[in-house]
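Tertiary structure, described
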Amino acid sequence: MKRTIAMLVALVLGFGLAQSGTLRVLLSSQLSTLEPQNTTDTDSAAVRYQIYNGLLTMTASGQPVADLAQSWNISDDGITYTFTLRDGVKFHDGTPLNAAAVVATFNRLLEPDRNTSGTAYFKPILASVEEVSELQVRFRLFEPFAPFLNTLALSTGHIMSPAAIEQFGESYGEHPIGTGPYRFVEWVRGERLVLERFDDYFDGPAPLARIEYRIVPEASTRVALLETGEADVILRVSPDEAARLADNGHIVLETTPTSRVMFLAINLTRAPFDDVRVRHALNHAVDVRGIIDALIGPDVAQADSPLAPNVFGYASIKTYEHDEQLARELLAEAGYQPGDITINLWSPNGRYVQDATLTQAVAQELEDFGIHVNIRLFGDFAEYLVTGFIEDRGDMMLVGWAPSSLEAEGGLYQILHGDRAGQFANNSGYNNPIVNRLIEEARAETTDEGRIAKYAEAQEIIMEDAPWIFLYAQPVITAHASNVHNVIILPSEQLVLRTTTKE
Amino acid sequence: MYVLRRLLEAVPVLIAVTFIVFVSVRLVPGDPARTIAGPEAGDATVEAIRKDLGLDRPVLAQYVTFMARISTGDLGNSYYYKTPVLQEVLRRFPATLYLAAAAIVISLVIGIGIGTLSAVMRGSLADRGTLIFAIAGVSMPSFWLALILIIVFAVNLGWLPAGGYGTWRHLILPALTLGLFGAGTIARFTRSSILEVLQQDYVRTARSKGLRFRAVLRKHVLRNALIPVITLLGLQLGAFLSRAVVTETVFGWPGIARVTVTAVLDRDFPLIQGTVLWLALVFIVTNLVVDVLYSLIDPRIRYA
């Protein structure tokens, strides 16, 4: 009797209903669309990665590996890539995966009138896609582009069902059909999204029966929902929330290094920052190690390269040690006292983990050293982008750059190549002809060794030129219930639930 | 006839709203094309998207196109969701309406109850307590109140869900957060309104002819005292909507207030225009309903 009452109470209160087999994931922002070719938000990627596959995918260590493609062959000139597809793969609507599906997907991306986040990756490099046989497809590039395999592994390259493209057209995003381990069931805007196991998945059915995503924008509410057992997984937990959850025996915290480098871009177009000695002095004046220990954690390394360690092509060059004496000498050599310098320091507030706190900590260090700092915080990132990158760049700006392709081209070109000087996102205005040439030459290298050597040389020069105050690569913290296992976060911050289980 | 005239009068107001919103979203720094293209896209893509959206044209020309479309019921497609704006607005509005209705009921019940009590017991400890409650209700940030409610009722006591949408249990905490804010103002307003009515001659007359105080309160005092309270409710709707932004965000409530704010942050021009226009319409209609309610409560008020 007592047990029956207890069970009834539990039922009424909604406990005990914790359906094992249903994983409840909380997302922070509104999902834009589930169409792979036209979206930029990380949270919709947390859904799309379960629905779709690409020809390639990334491993947890950031290597592109076979997914729908079984094998591939790159021509000696680096122009044509021929892929052999897995046999017997089906889309959720029953359409077979074949060369025609791959061609339809990429031709859609290459349509002249289509301009999206997805086309931005492929149109500049991809000339054409053609069917060779039922299971063979050939990509032709405009010119050699060594990071092409990484680019294909982006979620933008997820393969779409040709039948569904035909049927749904531009509303594909509301009827997402992929080949992935989970198929789309329901999406109630702003509230929740439900996926269900796809039993015909080519790699065998996934362990979980259902995934339920809910959208909860407020971080403390997400933490509360995890604490009360109303959710199983929460993403991008801030270090102070993690501290609150650390003592909870039912919750596991996992820290994943990502490809996102945090740095303060120094405006090289203005005196005295055009003098490399001043930039070296700034790097030595700030106790980056101390800031990392206080804000992020002692396990996180101080940046020794403009690239994160898990990005292909990364080379460990050097760190700028905290040395105020040396900083003073360098400034004096350049003809300055710390008090001569005023820095207008700009930062987003709420875009990156603890961004405003980080900026304030750096400003404090610079003030202690004797430099005047004016901080301006931008709560609105859209405003930060235009004001900061286009209109006027201040003297220093906090930027976090995450190459989603997880290789050096994505990590260097847009933020450090002279083509981009003064534009988004090379906000230092950095333009070193040798670095430019090395980045370009690396694209045409056909061997990994050759590429790595070019990138290493470029990183060496960049560290010496010091267009930034180099900070660290940002880790992300994921929290989940202790009965959940195998929650994978890629270095590109993407959530992969293919092998996730729940007891 | 009166209702029809009032509705027609609303048309120029709505047109002015479209113009102000249309121009002001374009004056705020921020580039929707860049937001759509994503951080890693090159300038060529951004430029092409800007052209696709028609944002390269003069603002007035864009406005003319926009108004021409509106007259056919087309509010355009959301940049972020890639779906028709009207569809998004209609999908999200019911949740906000549901929350606002519950909050209004809570604020009326608590506000009128406490307000009446404190008027009747004027100068007592209970009266002063009401004042404190009212000030607290109005000045407590919704964000803080919401988190306190979550920590107490969801995390510590485990009685109610910490957030989400679906059942009446999900409604309680957000509705309280929003309702307590309104209750404070309504309580103070009710109190002063009742005190004023209590001074009236007809109340003294009613009392002196031997009616019991309760009957006087119900039949004579409250009926007259509550008219200004109802006006207040209509005016407070604006405050409710702005507070709903925070409430919906903290509780993960899928309403329209939150969508409006994220649309601003995403520079989703069509969606901002659509939601603001819709909310303006709601505001106008609510105040019209309030005015009609007037004449029902107080037969002396008649509109020609």
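Scoring rules and cut-offs
- Residues numbered from 1 in each chain as written.
- Chains lettered and ligands numbered in written order.
- Predicted model: local features only at pLDDT ≥ 70, side-chain atom pairs only at ≥ 80, totals over all residues.
- Helix = DSSP H or I, 4+ residues; strand = E, 2+ residues; numbered from the N terminus.
- Buried ≥ 20, exposed ≤ 12 C-beta atoms within 10 Å, placed from the backbone.
- Contact = placed C-beta atoms within 7 Å.
- Rg over C-alpha atoms; globule rule 2.2 N^0.38 Å.
- Core = buried A, V, L, I, M, F, W, Y, C linked by C-beta atoms within 7 Å.
- Domains from an automatic or database assignment.
- Pairing = 2+ DSSP bridges.
- Axes fitted to C-alpha atoms, helices over the stretch in contact; angles between N-to-C directions.
- Nonpolar A, V, L, I, M, F, W, Y, C, P; charged D, E, K, R; others polar.
- Parallel < 35°, antiparallel > 145°, perpendicular 65-115°, else oblique.
- Arc of directions from axis to C-beta.
- Expected span 1.5 Å × (residues − 1).
- pLDDT = per-residue confidence, 0-100.

**Describing the overall build of chain B**
- Broken down by element type, chain B carries 12 helices and 0 strands.
- For chain B, the α and β elements follow one another from N to C terminus as α-α-α-α-α-α-α-α-α-α-α-α.
- Taken over 304 residues, chain B has a buried fraction of 39%.
- Contacts in chain B between residues at least 24 apart in sequence constitute 72% of all its contacts with a sequence separation of at least 6.

**Brief notes about the overall build of chain A**
- A tally of regular secondary structure across chain A gives 16 helices and 20 strands.
- The C-alpha atoms of chain A give a radius of gyration of 24 Å, which matches the 23 Å a tight globule of 503 residues would have.
- Taken along the three principal axes of its C-alpha coordinates, chain A extends 75 × 70 × 35 Å.
- Scored against the burial criterion, the 503 residues of chain A give a buried share of 50%.

**Considering the nonpolar core**
- With 217 residues, the main nonpolar core has Ile234(A), Phe263(A), Leu264(A), Ile266(A), Leu366(A), Ile469(A) and Leu471(A) as its most contacted residues.
- At 13 residues, helix H8 (residues 168-198) of chain B tops the list of elements feeding residues into this core.
- In terms of domain composition, this core takes at least three residues from each of domain 1 (18-70) and domain 2 (85-297) of chain B.
- Excluding anything up to four places from it in sequence, Ile234(A) contacts Leu26(A), Arg222(A), Val223(A), Leu226(A) and Ala479(A).

**Points about the sheet that holds strand E4 (residues 69-74) of chain A**
All names here are of chain A.
- Pairing is antiparallel in the open sheet, where 4 strands are placed in the order E4-E5-E7-E6. Two strands in the sheet have a free side with no partner beyond their single neighbour: E4 and strand E6 (126-133). If you compare each strand with its neighbour and ignore which way they point, the axes differ by 20 degrees on average.
- Where E4 meets strand E5 (residues 80-85), 5 bridges bridge the pair, whose relative direction is antiparallel. Paired with Trp72 across the strands is Phe83, a residue of E5.

**Some details on the pairing of strand E16 (residues 468-481) of chain A**
All names here are of chain A.
- Counting buried residues in E16 gives 12 out of 14 residues, a clear majority hidden from the surface.
- Relative to E16, strand E11 (residues 233-237) runs antiparallel, the two being bridged by 3 bridges. By the bridge assignment, Val237 is partnered in E16 with Ile477.
- Sheet topology places strand E12 (residues 251-266) next to E16; 12 bridges connect them, and they run antiparallel. Paired with Ile251 across the strands is Ala481, a residue of E16.

**Observations regarding the interface of chain B and chain A**
- The partner chain A presents 37 residues to the 42 residues of chain B that form the contact.
- Counting residues per element, the ones that place at least two in the side of chain B that touches chain A are helix H2 (32-37), helix H3 (43-52), helix H5 (85-120), helix H7 (142-156), helix H10 (213-251) and helix H11 (256-266) of chain B.
- Ranked by residues supplied to the side of chain B that touches chain A, first place goes to H3(B) with 5 residues.
- Along the lines of polarity and charge, the residues of the side of chain B that touches chain A split into 21 nonpolar, 11 polar and 10 charged.

**A short note on the domain arrangement of chain B**
Residues and elements named next belong to chain B.
- By domain assignment, chain B separates into domain 1 (18-70) and domain 2 (85-297).
- Computed over C-alpha atoms, the centres of domain 1 and domain 2 are 37 Å apart.
- Tallying the contact residues gives 8 residues for domain 1 and 8 residues for domain 2.
- Elements with a contribution of two residues or more to the side of domain 1 that touches domain 2: helix H1 (2-27) and H2.

**A short note on the packing of helix H7 (residues 219-227) of chain A against H7(B)**
- One way to put it is that H7(A) packs onto H7(B) with a least axis distance of 11 Å and a crossing angle of 5 degrees. As far as their axial angle goes, H7(B) and H7(A) are roughly parallel. Across the interface between the two elements, Ser220(A), Thr221(A), Ala224(A) and Glu227(A) of H7(A) pack against Leu147(B), Ile150(B), Ala154(B) and Val155(B) of H7(B).

**With respect to the pairing of E6(A)**
Residue and element names in this part refer to chain A.
- Note: E6 against strand E7 (residues 136-141), 6 bridges, orientation antiparallel. Bridging across to E7, Ser128 finds its partner in Arg140.
- What sits between E6 and E7 in their antiparallel hairpin is a turn of 2 residues.

**Overview of the environment of Val353(A)**
- Topologically, Val353(A) is positioned in the loop between strand E13 (342-348) and helix H12 (355-369).
- Judged by the 20 C-beta atoms lying within 10 Å of it, Val353(A) falls in the buried class.

**Considerations on the environment of Leu97(A)**
Residues and elements named next belong to chain A.
- Inspection of the secondary structure puts Leu97 in the loop between E5 and helix H3 (99-110).
- Judged by local crowding, Leu97 falls into the buried class, with 23 C-beta atoms found within 10 Å.
- Between the alpha carbons of Leu97 and Tyr472 there is a distance of 42 Å; along the sequence they are 375 residues apart.
- The residues touching Leu97, leaving out its near neighbours within four places in the chain, are Leu68, Leu85, Val89, Lys90, Phe91, Ile159 and Thr179.

**A closer look at the sheet that holds E11(A)**
Residue and element names in this part refer to chain A.
- With respect to topology, 10 strands assemble into an open sheet ordered E8-E9-E10-E1-E11-E16-E12-E15-E13-E14, the strand pairing being mixed. Edge positions in the sheet fall to strand E8 (182-188) and strand E14 (372-378), since each of these pairs with one other strand and no more. In this sheet, neighbouring strand axes are inclined to one another by 25 degrees on average, regardless of whether the strands run parallel or antiparallel.
- Summarising the sheet, strand E9 (residues 192-197) and strand E10 (residues 210-215) pair through 5 bridges and their orientation is antiparallel. What sits directly across from Glu196, in E10, is Arg210.

**So, helix H11 (residues 324-334) of chain A**
All names here are of chain A.
- Every buried residue of H11 is accounted for by Ala327, Leu330 and Leu331. Buried residues along H11 cover an arc of 100 degrees about the axis, so they all sit on one side.
- Once H11 ends, the next one or two residues include Gly335, with phi positive near 95 degrees.

**Regarding the environment of Val21(B)**
All names here are of chain B.
- With respect to the element layout, Val21 can be found in helix H1.
- With 248 residues separating them along the chain, Val21 and Phe269 place their C-alpha atoms 9.2 Å apart.
- Beyond its immediate sequence surroundings of up to four residues, Val21 is in contact with Ile272, Gln273 and Val276.

**Observations concerning unusual backbone geometry**
- In this chain, Ala271(A) is followed by Pro272(A) through a cis amide linkage whose omega measures 0 degrees.
- Secondary-structure assignment places Pro272(A) in the loop between E12 and helix H9 (276-285).
- With a phi close to 60 degrees, Lys82(B) is a non-glycine residue in the positive phi region.
- Inspection of the secondary structure puts Lys82(B) in the loop between helix H4 (59-70) and H5.
- The exposure class of Lys82(B) is partly exposed, given the 19 C-beta atoms found within 10 Å.
- One non-glycine residue with positive phi stands out, namely Arg267(B), at about 55 degrees.
- Relative to the elements of secondary structure, Arg267(B) occurs in the loop between H11 and helix H12 (269-297).
- A tally of 26 C-beta atoms within 10 Å means that Arg267(B) is categorised as buried.

**Regarding H12(B)**
All names here are of chain B.
- Here H12 spans 42 Å end to end across 29 residues, near enough to the 42 Å set by a 1.5 Å rise per residue.
- Considered for burial, the residues of H12 that qualify are Phe269, Pro270, Leu271, Ile272, Gln273, Gly274, Thr275, Val276, Leu277, Trp278 and Leu279.
- If you follow the buried residues of H12, they end up packed against H1, H2, H5, H10 and H11.

**Observations concerning the confidence of the model for chain A**
- Per-residue pLDDT for chain A averages 91, and the proportion of residues at 70 or more is 95%.
- Scored below 50 in pLDDT, residues 1-19 of chain A makes 5 contacts in the model with residues more than four places away or belonging to other chains.

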